[in-house]
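Fold and contact review
Given next are the chains, with one letter for each unit.
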6 protein chains.
Amino acid sequence: MTDAPRSPLTHLDADGRARMVDVGGKDVTDRSATAAARFLTRPDVVALVRSDDLPKADVLATARIAGIQGAKRTSELIPLCHPLALSSVSVDFEFEESSIVVTATVTTTGRTGVEMEALTAVAIAGLTLHDMVKAVDPEAILDDLRLIAKSGGKRGHWTPGP
Amino acid sequence: MTDAPRSPLTHLDADGRARMVDVGGKDVTDRSATAAARFLTRPDVVALVRSDDLPKADVLATARIAGIQGAKRTSELIPLCHPLALSSVSVDFEFEESSIVVTATVTTTGRTGVEMEALTAVAIAGLTLHDMVKAVDPEAILDDLRLIAKSGGKRGHWTPGP
Amino acid sequence: MTDAPRSPLTHLDADGRARMVDVGGKDVTDRSATAAARFLTRPDVVALVRSDDLPKADVLATARIAGIQGAKRTSELIPLCHPLALSSVSVDFEFEESSIVVTATVTTTGRTGVEMEALTAVAIAGLTLHDMVKAVDPEAILDDLRLIAKSGGKRGHWTPGP
Amino acid sequence: MTDAPRSPLTHLDADGRARMVDVGGKDVTDRSATAAARFLTRPDVVALVRSDDLPKADVLATARIAGIQGAKRTSELIPLCHPLALSSVSVDFEFEESSIVVTATVTTTGRTGVEMEALTAVAIAGLTLHDMVKAVDPEAILDDLRLIAKSGGKRGHWTPGP
Amino acid sequence: MTDAPRSPLTHLDADGRARMVDVGGKDVTDRSATAAARFLTRPDVVALVRSDDLPKADVLATARIAGIQGAKRTSELIPLCHPLALSSVSVDFEFEESSIVVTATVTTTGRTGVEMEALTAVAIAGLTLHDMVKAVDPEAILDDLRLIAKSGGKRGHWTPGP
Amino acid sequence: MTDAPRSPLTHLDADGRARMVDVGGKDVTDRSATAAARFLTRPDVVALVRSDDLPKADVLATARIAGIQGAKRTSELIPLCHPLALSSVSVDFEFEESSIVVTATVTTTGRTGVEMEALTAVAIAGLTLHDMVKAVDPEAILDDLRLIAKSGGKRGHWTPGP
């Protein structure tokens, strides 16, 4: 229908229409992706969340479970993502003075990568932190959500440039 | 079971266990919330996405629909959120030289606020942008996701401090 | 942003962008809607499905349950639909020589109508019939899916014109 | 269509067909329900799960979150249940020598009760315990899942007979 | 349990009970299916929807995304469908004077066909058109929803008879 | 981070944190699992449910469909379960004087077992029976939910000890 140059955006067809791109011809390989973000809050709120290391608080476990479940629902949430049988999902937290670093790693053996699954796990875990601290810090920020490594597929290992 | 001071984290009971807090006694009022984030990419990618203003490209419509649908699924994604009958959801995009600002506003008439719904709409719309540009810019970042206004409920209108 | 006349399509804003329209100002009233479609197949297939009236066959029960569950998921499936607390859903079947008429009625007490819920119930029940007979009649057709009555809301009772 | 006596099973119409019964005429009242079950395993497995009281183990938090989320999805899982805006959900565990008692309480302000939501919360929390211990005790049993109290609605407070 | 002849309806067991039929012994092959329907409305409504070709209107993009997402949820909506890892989904629209033809093509590499996924994509895209035009044309009809081609599996390529 | 002995609970990492364990290195084999439970009620209620064998009642079909659909959603409900492409699901009922035995068998060709899918199918089918009889027997109990056989994977065939 058009002679215009095809968009480099692979999720669009030659007419610019969204479609779920065909991965049927791609190889089934082991693939992994890691994403991270930083949840910015206040030192006292970090202390409240850290008390998760005491016997009784469920804050981080709740965020971790939410992230893992979010990864499994990526293809429902992101319209053009392919459903994938995930092999593993892990979500971790590291504490800084006034922030919490959220990291997620996802692996699969499949025809397409799991970048979006790793990013979704971090986003949902981070939003769950937001939910749990919003009564004490409504100004918290989920910052710098991005892919930090991936491997597998045609391009092999990838990390962001310097 | 404990004499320890109760955590100021409202989603935890006196023993630090997660629960869905009781909103049965809260008033049914009109409530709204607005959240925003900035999607950081490159000028050439912003140009590709902007071509959405040409007749053919579905990039922004896809991200907008994903954000609206994400808002409706907030209580499935964020474990301690209450299901809410949303009255409206809108998602908007503004272009900067090498970034796209994503904003979402959600309203309800209910017993609890829609902050998480607005944040979720922005996160899912932003992740959908990630998905659509990741083949050309795997280093894109969803940055500065936060609440920028809310109204309704006991505290009335709120915006972040200076 | 525009002086162009606003589209009469209510799900679009003044710029033509999709949004979930605000129903916060609409009255909470009792509302109902009925939709129907005709599933076109062959007389021998109708006979197979009718054997559902014998003690053992689950065909119609399966389609009926699918339709009821589909109605409850309308706001997940149709992007700009509002979540609604449905009061009742029923799905019925009538047999003709070589077709099956599927009808669904949905009611709610809420701020917006249940037309889409009734249409979705009929569509999912009809697709389930498709699924169950497709090995014997891959040419079956779901035909004439439409709204046949609604009531409640600002316009009161409605039926299609002659 | 029939003169046969109507089934006392309220989810069936006069012809025995399943439908979502009409609750549009029922009063909006505060309602609550509590359900419980006993997860039967071995003393050493109870000890492993209890170590959840030490700083590091996520077993009970995972089961609790699963139960809370399960309660919110009851109307998707149980075909004839009505969608309900839950006001609160809590899930608790008590330890016995070789079993763990799971209890859930759910409240709403609505037109129908939350018995199924409480039972679903306990079932999903119990199944999650199953999942977490199945490598060490594949013979674990979820036993005696039942309603132990409800209140609100036409019949007021209810507990099982002696 | 019975000597009665087995129903030719493959989704029923020898006693007429619904079950998800075993596809474990079927070959993993490339499979595709295409379905279509005609959305019947008025010429002025077709013109409103077509304005989607102008820069601003999201009508068709919304219906297309809904159809793609619907295809991915087929096994949740149609009770006896198998979950499948879809390789691609596309949804297209063609305009006639007073109708819009909706077509969807789905592919997979798997043990069972994607007919229901293609039919579901068309149905959900068509229902979304219904939703978007219902304020101006409540009498719109989704007509002639059927399978128009499939390939892969034991029977190879199939199209409807003349 | 710790020298403590690793928990035998395989869903926890060395620090006791929940994660979705990596099954990427496990073999793809045919796997099956069967679970069962007993729904305890009264003789008159069993008689009402059994009338399902008469032409008109949908009770068991509703519970069976709910169980089959529940099996397909196991990885959404049980936080650390892997998504699996199920090959078959069947749910059966047997009548005793004052109870109903619910059994489910699930098969897959995959990297991990389907025990949780079989248990979930039985639980959801049993809860649906609860829902359908709760107006006549609110004291009904779902009892003795457990795995009764599994095969496939590293350990081959398994049944509970005597």
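For the structure, check the block above.
This write-up is about the structure you can find in this document. (Residues numbered from 1 in each chain as written. Chains lettered and ligands numbered in written order. Predicted model: local features only at pLDDT ≥ 70, side-chain atom pairs only at ≥ 80, totals over all residues. Heavy atoms only, no water.)

Check the secondary structure of chain A and you find four helices and four strands. Seen in sequence order, chain A has helices and strands lined up from the N terminus as β-α-α-α-β-β-α-β. Projecting the C-alpha coordinates of chain A onto the three principal axes gives extents of approximately 60 × 35 × 30 Å. Of all 162 residues assigned to chain A, the portion counted as buried reaches 62%. Across chain A, every contact between residues at least 6 apart in sequence was considered, and the portion connecting residues at least 24 apart equals 68%. As displayed, chain A offers around 5,800 Å² of accessible surface, 51% of which is attributable to carbon and sulfur atoms. Taking the average location of the 18 positive side-chain charges in chain A and that of its 22 negative ones, the two points are 5 Å from each other. (Helix = DSSP H or I, 4+ residues; strand = E, 2+ residues; numbered from the N terminus. Buried < 20%, exposed > 50% of the residue type's maximum accessible area, 1.4 Å probe, protein only. Contact = heavy atoms within 4.5 Å. Areas by Shrake-Rupley, 256 points an atom, 1.4 Å probe, with all protein chains shown as cover. Lys, Arg positive; Asp, Glu negative; His and termini not counted. Charge placed at Lys NZ, Arg CZ, Asp CG, Glu CD.)

As a further point, take the pattern of salt bridges. Side chains carrying opposite charge are able to pair once their charged atoms draw close together. All chains considered together, the criterion is met by 66 salt bridges over all chains. In this structure, the salt-bridge partner of Asp-44 of chain C is Arg-42 of chain C, at a minimum N-O distance of 2.9 Å. A salt bridge links Arg-17 of chain D to Asp-58 of chain F, with the nearest nitrogen and oxygen atoms 3.7 Å apart. Of this pair, Arg-17 of chain D sits in the segment before β1 (29-40) while Asp-58 of chain F sits in the loop between α1 (43-50) and α2 (59-72), on two different chains. Here Arg-17 of chain D and Asp-58 of chain F have matching classes, each one buried. Each of the salt bridges in this network shares a partner with another, and the network as a whole consists of Arg-73 and Glu-76 of chain A, Arg-73 and Glu-76 of chain B, Arg-73 and Glu-76 of chain C, Arg-73 and Glu-76 of chain D, Arg-73 and Glu-76 of chain E together with Arg-73 and Glu-76 of chain F. (Salt bridge = Lys/Arg side-chain N within 4 Å of Asp/Glu carboxyl O.)

The two copies are related by a screw operation: chain A maps onto chain B through 180° of rotation and 0.0 Å of translation along the axis, at an RMSD of 0.0 Å. What the superposition gives is, in effect, a two-fold axis relating one chain to the other. Distance from the rotation axis, computed per C-alpha, reaches its smallest value in chain A at Asp-143 of chain A: 2.3 Å. Interface residue correspondence from chain A to chain B reaches 100%, placing this contact among same-surface, isologous pairings. (Least-squares fit on C-alpha atoms with pLDDT ≥ 70 in both.)

This part takes up the interface of chain D and chain C. How big an interface is tends to be stated in terms of accessible area lost as the parts join. With 18 residues of chain D at the interface, the matching set in chain C holds 18 residues. Carbon and sulfur atoms supply 48% of the area buried between chain D and chain C, which totals about 1,400 Å² over both sides. For chain D, the biggest contributors to the area lost against chain C are Arg-17, Met-20 and Glu-76 of chain D; these three give 40% of the whole. On inspection of chain D and its partner chain C, the count reaches one salt bridge. Measuring nitrogen to oxygen at the nearest pair gives 3.6 Å for the salt bridge that ties Glu-76 of chain D to Arg-73 of chain C. Scanning the region where chain D abuts chain C turns up eight residue pairs in polar contact (both at pLDDT 80 or more). Here the residues of the side of chain D that touches chain C are counted per class, giving 10 nonpolar, three polar and five charged. (Buried area = accessible area lost by both parts, 1.4 Å probe. Polar contact = N/O pair within 3.5 Å; in protein donor to acceptor, adjacent residues only side chain to side chain. Nonpolar A, V, L, I, M, F, W, Y, C, P; charged D, E, K, R; others polar.)

Take the interface of chain A and chain B next. On the chain B side, the residues contacting the 55 residues of chain A number 55 residues. At the surface where chain A touches chain B, the tally comes to four salt bridges. For the side of chain A that touches chain B, the secondary structure elements donating two or more residues are α2 (59-72), α3 (74-77), α4 (115-133) and β4 (141-151) of chain A. Considering each element in turn, the side of chain A that touches chain B owes the most residues, 12 residues, to α4 of chain A. For the side of chain A that touches chain B, the per-class residue count stands at 31 nonpolar, 10 polar and 14 charged. Of the strand pairs in this sheet, β4 of chain A and strand β4 (residues 141-151) of chain B are connected by two bridges, and their pairing is antiparallel. When the sheet's bridge partners are listed, Leu-142 of chain A is paired in β4 of chain B with Leu-145 of chain B. (Pairing = 2+ DSSP bridges.)

Strand order in this open sheet of eight strands is β2(D)-β3(D)-β1(D)-β4(D)-β4(F)-β1(F)-β3(F)-β2(F), and the pairing throughout is antiparallel. Only two strands of the sheet have a single partner each, and these edge strands are β2 (86-95) of chain D together with β2 (86-95) of chain F. When the angles between neighbouring strand axes are averaged without regard to direction, this sheet yields 15°. Where strand β1 (residues 29-40) of chain F and strand β4 (residues 141-151) of chain F come together, eight bridges link them in antiparallel fashion. Of the residues in β4 of chain F, the one forming a bridge with Thr-34 of chain F is Ala-149 of chain F. Contacts from helix α4 (residues 115-133) of chain D reach β1, β2, β3 (99-110) and β4 (141-151) of chain D together with β4 of chain F within the one sheet, and its direction differs from that of β1 of chain D by about 25°. Lying on the sheet, helix α4 (residues 115-133) of chain F is in contact with β4 of chain D together with β1, β2, β3 (99-110) and β4 of chain F; it crosses β1 of chain F at an angle near 25°. (Axes fitted to C-alpha atoms, helices over the stretch in contact; angles between N-to-C directions.)

The next subject is the arrangement of the chains. Nothing in chain A touches chain C; the tightest C-alpha to C-alpha distance between them is still 10 Å. The two units chain B and chain F are non-contacting; their minimal C-alpha-C-alpha distance is 10 Å.

Quick look at the relation of the copies chain D and chain C now. Two chain copies here: they are related by a rotation about an axis and a translation along the same axis. Under the fitted operation, chain D is carried onto chain C by 0.0 Å of movement along the axis and a turn of 120°, and the coordinates agree to an RMSD of 0.0 Å. As the rotation angle and translation indicate, the two copies are arranged about a three-fold axis. Among all C-alpha atoms of chain D, that of Ala-85 of chain D lies closest to the rotation axis, at 4.6 Å. Taken as a fraction of all interface residues of chain D, those also at the interface in chain C reach only 6%, which identifies the copy contact as different-surface.

The subject of this paragraph is the side chain of Lys-150 of chain B. Residue and element names in this part refer to chain B. Turning to its location among the elements, Lys-150 is positioned in strand β4. Lys-150 sits in the buried class, given a relative accessible area of 16%. Of the polar contacts made by the side chain of Lys-150, one reaches the side chain of Glu-115; its length is 2.9 Å. Once residues within four sequence positions are removed from consideration, Lys-150 is found in contact with Ser-32, Ala-33, Glu-115, Gly-156, His-157 and Trp-158.

Our focus in this paragraph is the side chain of Arg-31 of chain B. Residues and elements named next belong to chain B. Within the secondary structure layout, Arg-31 lies in strand β1 (residues 29-40). Within the structure, Arg-31 has its side chain in polar contact with the backbone oxygen of Asp-27 (distance 3.0 Å). A polar atom in the side chain of Arg-31 sits 3.4 Å from the backbone oxygen of Arg-111. Residues in contact with Arg-31, not counting those within four places in the same chain, are Val-106, Thr-107, Thr-108, Gly-110, Arg-111, Thr-112, Gly-113, Val-114, Ser-151, Gly-152 and Gly-153.

What follows deals with the packing of α2 of chain F against α4 of chain F. All names here are of chain F. Two numbers describe how α2 lies on α4: the axes approach to 7 Å, and their chain directions differ by 145°. Here α2 runs over α4; the crossing is right-handed. Residues Val-59, Leu-60, Thr-62, Ala-63, Ala-66, Gly-67, Gly-70 and Ala-71 of α2 form the contact with α4, whose own contacting residues are Glu-117, Thr-120, Ala-121, Ile-124, Ala-125, Thr-128, Leu-129 and Met-132. Split by residue class, the contact of α2 with α4 holds 10 nonpolar, five polar and one charged. (Left-handed = near helix turned anticlockwise from the far one by under 90°.)

Bringing helix α2 (residues 59-72) of chain D into the picture now. Here α2 of chain D contains 14 residues, and its C-alpha end-to-end distance of 21 Å stays within 8% of the 20 Å for a straight helix at 1.5 Å per residue. Burial of α2 of chain D is extensive: 14 of the 14 residues sit out of reach of the surface. (Expected span 1.5 Å × (residues − 1).)

Mapped onto the elements of the fold, Ile-124 of chain E is located in helix α4 (residues 115-133). Once the C-alpha coordinates of Ile-124 of chain E and Ala-18 of chain E are considered, the two residues, 106 residues apart in sequence, prove to be 25 Å apart. Setting aside anything within four residues of it in sequence, one finds Ile-124 of chain E in contact with Leu-77 and Ile-78 of chain C together with Ala-66, Gly-67 and Gly-70 of chain E.

Moving on: the pairing of β1 of chain B. Sheet topology note: the β1 of chain B/strand β3 (residues 99-110) of chain B ladder contains 12 bridges and is antiparallel. Paired with Ala-36 of chain B across the bridge in β3 of chain B is Thr-103 of chain B.

Here we take up unusual backbone geometry. Note: most peptide bonds trans; most residues except glycine with negative phi. Residues and elements named next belong to chain A. The phi angle at Asp-144 is positive, at roughly 60°, despite the residue not being glycine. Counting through the fold element by element, Asp-144 comes out in strand β4. What makes Asp-144 buried here is its relative accessible area of 19%.

In spatial order, the strands read β2(A)-β3(A)-β1(A)-β4(A)-β4(B)-β1(B)-β3(B)-β2(B); together these eight strands make up an open sheet with antiparallel pairing. The two strands at the open ends of the sheet, each matched to only one other strand, are β2 (86-95) of chain A together with β2 (86-95) of chain B. The average undirected angle you get between the axes of adjacent strands in this sheet is 15°. Set on the sheet, helix α4 (residues 115-133) of chain B makes contact with β4 of chain A together with β1, β2, β3 and β4 of chain B; between it and β1 of chain B the angle comes to about 25°.

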